[in-house]
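# Residue-level structural notes
Spelled out from the first residue to the last, the chains are:
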Amino acid sequence: MNKKLKFFVLGFLILLLLSPLGLKAENLKLGVSFSEDKITHFYLAISNYFQVPKEKIVILKKSSLIKEEELPLVLYLSQKKKVSPEFIIELRNRGYSWYEIFIYLGLKPEKEFEKWVVIYQPAYGPPYGKAWGYHKKHPTRKIVFTDHDLIILSNVHFMSNYYQINPIEIKQKFDTHRDILILHEHLFRKKHRIKSR
């Protein structure tokens, strides 16, 4: 390829990239997708609610094996027991279940979440409502929350407080949006009046 043709091709590519068509294509490529939006908005809400810089939340997530939806539980426990979030994450990375982490920190999830379960009982029904009713009649029996239960309860608690929405309504929305991040994005967009793309 001769020198003139190389310059022509290079010039053409530069023009294409700077043209409206090129800019639109670039915006589509560089524009934040719904998937990235939901993570960004989730981090922002967690940052505001727990008063933790968003950059720290990003670092916590990137330096661990935990999922985004576990972050509210990490920060809740961190603030409740006045330990670093990194310490909580280290326990999780070592293979501790969330229930075991509560016990390790000297917390009983059934006591910690008592008010939450009672509040959510009408919406949750079995197994939460049924288990809680049984627990009330047989207080010596222990309710053992699964990791999934604790993640869901912590997120419902966080979102209902942050968005000032009845937890029962959050639970009903969760039935429609099974993914916690999608549910959060729905609430975030509604609050900030952001239209879906």
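Given the structure is predicted, the values throughout are model-derived calculations rather than measurements. (Residues numbered from 1 in each chain as written. Predicted model: local features only at pLDDT ≥ 70, side-chain atom pairs only at ≥ 80, totals over all residues. Heavy atoms only, no water.)

## Topic: the packing of aromatic side chains
Summed over the entire model, instances satisfying the criterion amount to nine aromatic pairs. Ring plane angle 90° and centroid distance 4.8 Å describe the contact between Tyr49 and Phe50, whose orientation is recorded as edge-to-face. Tyr49 sits in the partly exposed class, given a relative accessible area of 27%. Given the relative accessible area of 6%, Phe50 is considered buried. Taken together, the ring pairs connect Phe42, Tyr49, Phe50, Phe158, Tyr162 and Tyr163 into an aromatic cluster. In this structure, Lys191 is placed above the aromatic ring of Tyr162, and the distance from its NZ or CZ to the ring centre is 4.7 Å. (Phe/Tyr/Trp six-rings, centres within 6.5 Å; stacked < 30°, edge-to-face > 60°. Buried < 20%, exposed > 50% of the residue type's maximum accessible area, 1.4 Å probe, protein only. Lys NZ or Arg CZ within 6 Å of the ring centre and 35° of its normal.)

## Brief notes about the nonpolar core
Leu77 and Trp98 are the most contacted members of the largest nonpolar core, which totals 43 residues. Contributing elements (two or more residues each) for this core: helix H3 (34–50), helix H4 (54–62), helix H5 (71–81), helix H6 (85–93), helix H7 (98–104), helix H11 (147–162), helix H12 (167–176) and helix H13 (180–192). Ignoring any residue separated from it by four or fewer positions in sequence, one finds Trp98 in contact with Glu70, Leu73, Val74, Leu77, Ile88, Arg92, Asp147, Leu150 and Ile151. (Core = buried A, V, L, I, M, F, W, Y, C linked by side-chain atoms within 4.5 Å. Helix = DSSP H or I, 4+ residues; strand = E, 2+ residues; numbered from the N terminus. Contact = heavy atoms within 4.5 Å.)

## Section: the pattern of salt bridges
Using the criterion set out here, one finds seven salt bridges in the structure. For Glu70, the salt bridge identified is with Arg92, shortest N-O distance 2.9 Å. Highlighted residues: Glu70 in the loop between H4 and H5 and Arg92 in helix H6, separated in sequence by 22 residues. Beyond isolated ion pairs, a larger network of salt bridges with shared partners links Asp37, Glu185 and Arg189. (Salt bridge = Lys/Arg side-chain N within 4 Å of Asp/Glu carboxyl O.)

## Some words on the side chain of Glu185
In this structure, Glu185 sits in helix H13. Within the structure, the side chain of Glu185 is placed 2.8 Å from the side chain of His41, a separation counted as a polar contact. (Polar contact = N/O pair within 3.5 Å; in protein donor to acceptor, adjacent residues only side chain to side chain.)

## Digging into unusual backbone geometry
Residue Gln51 is not a glycine yet carries a positive backbone phi of 55°. By secondary structure assignment, the location of Gln51 is in the loop between H3 and H4. The phi dihedral of Lys82 falls on the positive side, at around 55°, and the residue is not glycine. Looking at the secondary structure, you find Lys82 in the loop between H5 and H6. Residue classification places Lys82 among the exposed positions, given a relative accessible area of 72%.

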